[in-house]
Amino acid sequence: MTPGAGTVDAQPLAPAPPAGAATTGGPGKRHRLPRARSATALTPVSGLGLGIALTWFSLLVLIPLTAVLIQASAGGWSAYWDALTSSQTLAALKLTVGQAVLVTAINVVMGTAIAWVLVRDQFPGKQLLEVVIDIPFALPTIVAGLVLLSLYGPSGPLGVNWANTRVAVFLAFLFVTLPFIVRSVQPVLLELEQEVEEAAASLGASRFTTFRLVILPSLAPAITSGAALSFCRAISEYGSLVLLSGNLPYSTEVASVRIMSSVEGDHLTAAAALASILLVVALIVIITLDVVSRRVARYA
Amino acid sequence: MHDTAAHRVIRWALRLIVIGYLFFLVIWPVGLVAVKTFAGGLAPVINALRQPEVIFAFELTLSAAFWAVVINTIFGVGISLLLVRYTFPGRRALNAMVDLPLSVSPVVVGLALVLVYSGRTGWLGQGLEHAGLQVIYAPPGIIMATAFVSLPLVIREVVPVLTEIGTEQEQAARSLGASGLQTFGRITLPAIRWGLIYGVVLSLARSLGEFGAVKIVSGGVAMRTQTATLLVEERYQQFGLVNSITAYTAAFILALIAVLALIIVTSLRPGKEASQ
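Residues numbered from 1 in each chain as written. Chains lettered and ligands numbered in written order. Predicted model: local features only at pLDDT ≥ 70, side-chain atom pairs only at ≥ 80, totals over all residues.

Draft legend 1. Just the overall build of chain B, in detail. What chain B contains, in helices and strands, is 14 helices and 1 strand. Projected onto its principal axes, the C-alpha positions of chain B cover 75 × 70 × 30 Å. Here the contacts in chain B between residues at least 6 apart in sequence split such that 74% fall between residues at least 24 apart. (Helix = DSSP H or I, 4+ residues; strand = E, 2+ residues; numbered from the N terminus. Contact = placed C-beta atoms within 7 Å.)

Draft legend 2. How the structure looks around the overall build of chain A. The number of helices and strands found in chain A is 12 helices and 1 strand. Counting from the amino terminus, chain A carries its helices and strands in the arrangement β-α-α-α-α-α-α-α-α-α-α-α-α. Buried positions account for 51% of the 300 residues belonging to chain A. Considering only intrachain contacts with a sequence separation of at least 6, the fraction spanning at least 24 residues in chain A is 77%. (Buried ≥ 20, exposed ≤ 12 C-beta atoms within 10 Å, placed from the backbone.)

Draft legend 3. How the structure looks around the nonpolar core. Among the nonpolar cores identified, the biggest contains 172 residues, and A:Val68, B:Val108, B:Leu111 and B:Ala251 are the most heavily contacted of them. Composition of this core by domain shows at least three residues from each of domain 1 (1–37) and domain 2 (43–274) of chain B. Aside from chain neighbours lying at most four places away, what touches B:Leu111 is A:Val68, A:Ile259, A:Val263, A:Ala271, A:Ala272, A:Ala275 and B:Ile216. (Core = buried A, V, L, I, M, F, W, Y, C linked by C-beta atoms within 7 Å. Domains from an automatic or database assignment.)

Draft legend 4. Seen up close, the interface of chain A and chain B. Each side of the interface is counted separately: chain A has 86 residues, and chain B has 83 residues. Where strand β1 (residues 40–41) of chain A and strand β1 (residues 86–87) of chain B come together, 2 bridges link them in parallel fashion. From the neighbouring strand, A:Thr40 faces β1(B), where its bridge partner is B:Tyr86. (Pairing = 2+ DSSP bridges.)

Draft legend 5. Region of the structure containing the packing of helix α8 (residues 194–202) of chain A against helix α9 (residues 207–235) of chain A. Residues and elements named next belong to chain A. Put simply, α8 and α9 touch, their axes get as near as 10 Å, and they point 140 degrees apart. In the packing of α8 onto α9, the handedness of the crossing is right-handed. Along the contact surface, α8 presents Val-196, Glu-197, Ala-200 and Ala-201, while α9 presents Thr-210, Val-214 and Ile-215. Broken down by class, the residue content of the contact of α8 with α9 amounts to 5 nonpolar, 1 polar and 1 charged. (Axes fitted to C-alpha atoms, helices over the stretch in contact; angles between N-to-C directions. Left-handed = near helix turned anticlockwise from the far one by under 90°. Nonpolar A, V, L, I, M, F, W, Y, C, P; charged D, E, K, R; others polar.)

Draft legend 6. Here's a closer look at the domain arrangement of chain B. Residues and elements named next belong to chain B. Taken as a whole, chain B is organised into domain 1 (1–37) and domain 2 (43–274). The C-alpha-based centres of domain 1 and domain 2 are spaced at 33 Å. Each partner contributes residues to the interface: domain 1 has 5 residues there, and domain 2 has 6 residues.

Draft legend 7. Expanded view of unusual backbone geometry. A positive phi is found at A:Tyr250, a non-glycine position, where the angle reads about 65 degrees. Along the polypeptide, A:Tyr250 turns up in the loop between α10 (239–242) and α11 (255–264).

Draft legend 8. Fine view of the environment of B:Gln126. All names here are of chain B. Among the secondary structure elements, Gln-126 is positioned in helix α7 (residues 125–130). According to the C-beta neighbour criterion, Gln-126 is partly exposed, with 14 such atoms within 10 Å. The spacing of Gln-126 and Ala-43 is 83 residues in sequence and 48 Å in space, taken between C-alpha atoms.

Draft legend 9. Region of the structure containing the packing of helix α4 (residues 126–138) of chain A against helix α7 (residues 178–191) of chain A. Residue and element names in this part refer to chain A. One way to put it is that α4 packs onto α7 with a least axis distance of 8 Å and a crossing angle of 130 degrees. On the basis of their axis angle, the class for α4 and α7 is oblique. Relative to α7, α4 is oriented so that their crossing is left-handed. Contacts from Ile-133, Asp-134, Pro-136 and Phe-137 of α4 reach α7 at Leu-178, Pro-179 and Val-182. Residues of the contact of α4 with α7, tallied by class, amount to 6 nonpolar, no polar and 1 charged. (Parallel < 35°, antiparallel > 145°, perpendicular 65-115°, else oblique.)

Draft legend 10. Local environment of the environment of B:Leu254. Mapping B:Leu254 onto the fold places it in helix α14 (residues 241–274). Distance in space between the C-alpha atoms of B:Leu254 and B:Pro140 is 22 Å, their sequence separation being 114 residues. With sequence-adjacent residues up to four places away left out, B:Leu254 is seen in contact with A:Pro140, A:Val143, B:Leu208, B:Gly209, B:Ala228 and B:Thr229.

Draft legend 11. Representation of the environment of B:Leu260 within the structure. Mapped onto the secondary structure, B:Leu260 falls in helix α14. Separated by 59 residues in the primary sequence, B:Leu260 and B:Val201 place their C-alpha atoms 10.0 Å from one another.

The structure is reproduced here in structure tokens:
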């Protein structure tokens, strides 16, 4: 469900995005604001609109997220530290970050390969793959868990049973993060001028050299932003793991599941402490992407 | 570029790896859910759908998603206009912040809403409860959680279109004496309509499928606050064939809606080109 890359032949409505800063929707995209020249100062009516919008945004998003940070610090620094360094929480964090890094690394390779095949290769049924890429983004996460369970769980036709193991965590992360790098690399690859590659080839560069020295550097910002979003999505994943991973402490329990069990046990401060870590990581990713897309736009 | 035999082998290898990867990760597992749903024929599926809990869960899901989408559409169009057409202090920060809900774990969203709106301990929830409005463990909380997680989707579709169309036509309309509302209705809205529809479909799909955030704020009590995704979880974990078929049936319907939304959105793209 990604504009910008719904179909290969469909050009984005907005002009060609600079590398890494796709202008259209779905996972892996970022929008940039126009420079202020076409924008005007606030009128009384738009000022009132801004006031209403900001009030709603604060009530829905800003105040609740601030509440998480304040609740996390409610017991003081030592309580915060104790909550984060309890062995069960540490195990959950280690599993979450470790699997998210592994999955993101695989996505960097496979996502780029998939984007490459979708843009540069032609074969019957390619349009179907376009829809398949977006299914993990569109599918409710609880259904995603059920989906993976039907092939990799008990009584699956492959005869493997990875339910309630760490492989299940890995598979769930891999499934839900599939579209991110594909959808951020694809529009950049579409815009890439093939003349440059032909020039490189005519100067005697092998295809591999051309890929490494000409194509890869142009794709790097898009791969980076896709990887950041993919990592962010993986560490915050919850729904697909509920049925699939068994949520066994010290074994298959990830950070989000740990937060959920703290909430259900009414340990709100412990839940908020771990939530604050996830929140900070999300903020860092957002700010990094904003800075990266600005820098890329400036030098494009 | 000349195609040598080696290049053809690489191209075929890459193609097969990609198709194989997608087959094992997405195509086969998704197909199996459809197969498992209809393994016993159509009758058990229809019986599953007749259960009052299932009907209630889907009605609740639909109404919460409807209100969340209405809120996000109005808010999204307003914020997009403000971000693109006006300058004000904090504009860049706001532009970055509206993306935040997509990066926050649904569980954190649920926890955040409980901390503020819980009738027992919440900052604002206690006051609201006294005023007779229960948010957490009630439909308003479900709507808020759903609106939170799908908040950026309309904005992310409308902002690029608004940026692209520029202000000339709007200014022309204003100089000919059109009011702000007339300009919006006759010039701006028709210009952004495809981006907007696109964003609404994405929001709707996301809203119908929300699980983690809704699980925390709703409590998931059957016939009271249990949405469709929560029903899938509960029934799957219970014993017995009927429960299992009910879980698969509800999951199948949710998946069907998601895939349909996907196809609608993909097919809207050429329409978007044609409208220019």
